[in-house]
Amino acid sequence: MDSVERDEQREDRITMEAVVDCYGPEEQAIGWYYYLADRLAFPFTAHCVEERAASPLREGDEVEVAGMAPEDDCPCEMLVMVAWSGRSFGVPLAQLEAVGADAGTDEALGDWHYWVRRGYRLC
């Protein structure tokens, strides 16, 4: 099921910084939430790279990512708040790639994409 090759540097960073001392899906979700909230430099511009049934975004849509969705909305997937078509709502972070973001944002977003594409799940 792995769609990306194992990256030991990412695995170590994720294990030691995002999900350190997490013993179940709920703790991992909280770990990921705060790892991303601390490292993503909001706001940033992103493109939708994959369509999802739970999101109105289409591949290629450009959005401004304003911040993390409320923690309670992220037990199984990391959601971010976007401004799009005059509205603000949460979308899965996994469907977005940053455009011209700083290195910390690119790294943290890359870590999340890697984790998801490796088949890891929160619930």
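Above this text you will find the structure in question.
Quick caveat, the model's predicted, so the values are computed rather than measured.

Draft legend 1. View of the pairing of strand β3 (residues 79-84). Taken together, the four bridges between strand β2 (residues 62-68) and β3 define a ladder with antiparallel strand orientation. When the sheet's bridge partners are listed, E64 is paired in β3 with A83. Between β3 and the antiparallel strand that follows it, strand β4 (residues 87-92), lie two residues; S85 among them carries a positive phi value of about 50 degrees.

Draft legend 2. Just the nonpolar core, in detail. If you look at the biggest cluster of nonpolar residues, it comprises 34 residues, and the most contacted ones within it are W32, L36, M78, L96 and W112. Put simply, the parts of the chain that give this core at least two residues each are α1 (8-18), α2 (25-39), β1 (44-48), β2, β3, β4 and α3 (103-117). Here W32 is in contact with I14, A18, V19, M78, D111, W112, W115 and L122, once residues within four sequence places are set aside.

Draft legend 3. Examining the packing of α1 against α3 more closely. Between α1 and α3, whose axes approach to 10 Å, the crossing angle comes to 100 degrees. Considered as vectors, α1 and α3 are oriented roughly perpendicular to each other. Residues R10, E11, R13 and I14 of α1 form the contact with α3, whose own contacting residues are E107, G110, D111, Y114 and W115. The residue inventory of the contact of α1 with α3, partitioned by class, reads three nonpolar, one polar and five charged.

Draft legend 4. Main features of the state of the cysteines. Enumeration according to the criterion identifies one disulfide in this entry. A disulfide bridge connects C76 with C123, and the sulfur atoms are separated by 1.7 Å. Pair noted here: C76 is in the loop between β2 and β3 and C123 is in the segment after α3, with a separation of 47 residues, a long-range link. Overall, the relative accessible area of 44% leaves C76 in the partly exposed class. As a non-bridged cysteine, C74 has C76 as the owner of its nearest cysteine sulfur, 10.0 Å distant.

Draft legend 5. Representation of the pattern of salt bridges in the model. Applying the stated criterion across every chain, the model contains nine salt bridges. The salt bridge partner of R6 is E11, with a shortest N-O separation of 3.4 Å. Overall, E11 belongs to the buried group, its relative accessible area being 10%. Among the ionic pairs, R13 bridges to E107, the shortest N-O distance being 3.4 Å. Taken together, the residues span a long stretch of sequence, with R13 in helix α1 and E107 in helix α3 at a distance of 94 residues. With a relative accessible area of 12%, R13 lands in the buried category. Taking relative accessible area as the criterion, E107 reaches 36% and is therefore assigned partly exposed. Members of the salt-bridge network, linked through shared partners, are D7, R10, R13, E107 and D111.

Draft legend 6. Local environment of the sheet that holds strand β5 (residues 96-99). Pairing is antiparallel across the open sheet formed by five strands, whose spatial order is β4-β3-β2-β1-β5. Since the sheet does not close on itself, it has two edges, and those belong to β4 and β5, each with one partner. Geometrically, the sheet is characterised by an average inter-axis angle of 45 degrees between neighbouring strands, direction not taken into account. Two strands pair when backbone bridges link them, and β1 and β5 are joined in this way by four bridges, in the antiparallel orientation. The residue bridging T45 from the neighbouring strand is V99, located in β5.

Here is what the cut-offs are and how they apply
Residues numbered from 1 in each chain as written. Predicted model: local features only at pLDDT ≥ 70, side-chain atom pairs only at ≥ 80, totals over all residues. Heavy atoms only, no water. Pairing = 2+ DSSP bridges. Helix = DSSP H or I, 4+ residues; strand = E, 2+ residues; numbered from the N terminus. Core = buried A, V, L, I, M, F, W, Y, C linked by side-chain atoms within 4.5 Å. Buried < 20%, exposed > 50% of the residue type's maximum accessible area, 1.4 Å probe, protein only. Contact = heavy atoms within 4.5 Å. Axes fitted to C-alpha atoms, helices over the stretch in contact; angles between N-to-C directions. Parallel < 35°, antiparallel > 145°, perpendicular 65-115°, else oblique. Nonpolar A, V, L, I, M, F, W, Y, C, P; charged D, E, K, R; others polar. Disulfide = S-S within 2.5 Å. Salt bridge = Lys/Arg side-chain N within 4 Å of Asp/Glu carboxyl O.

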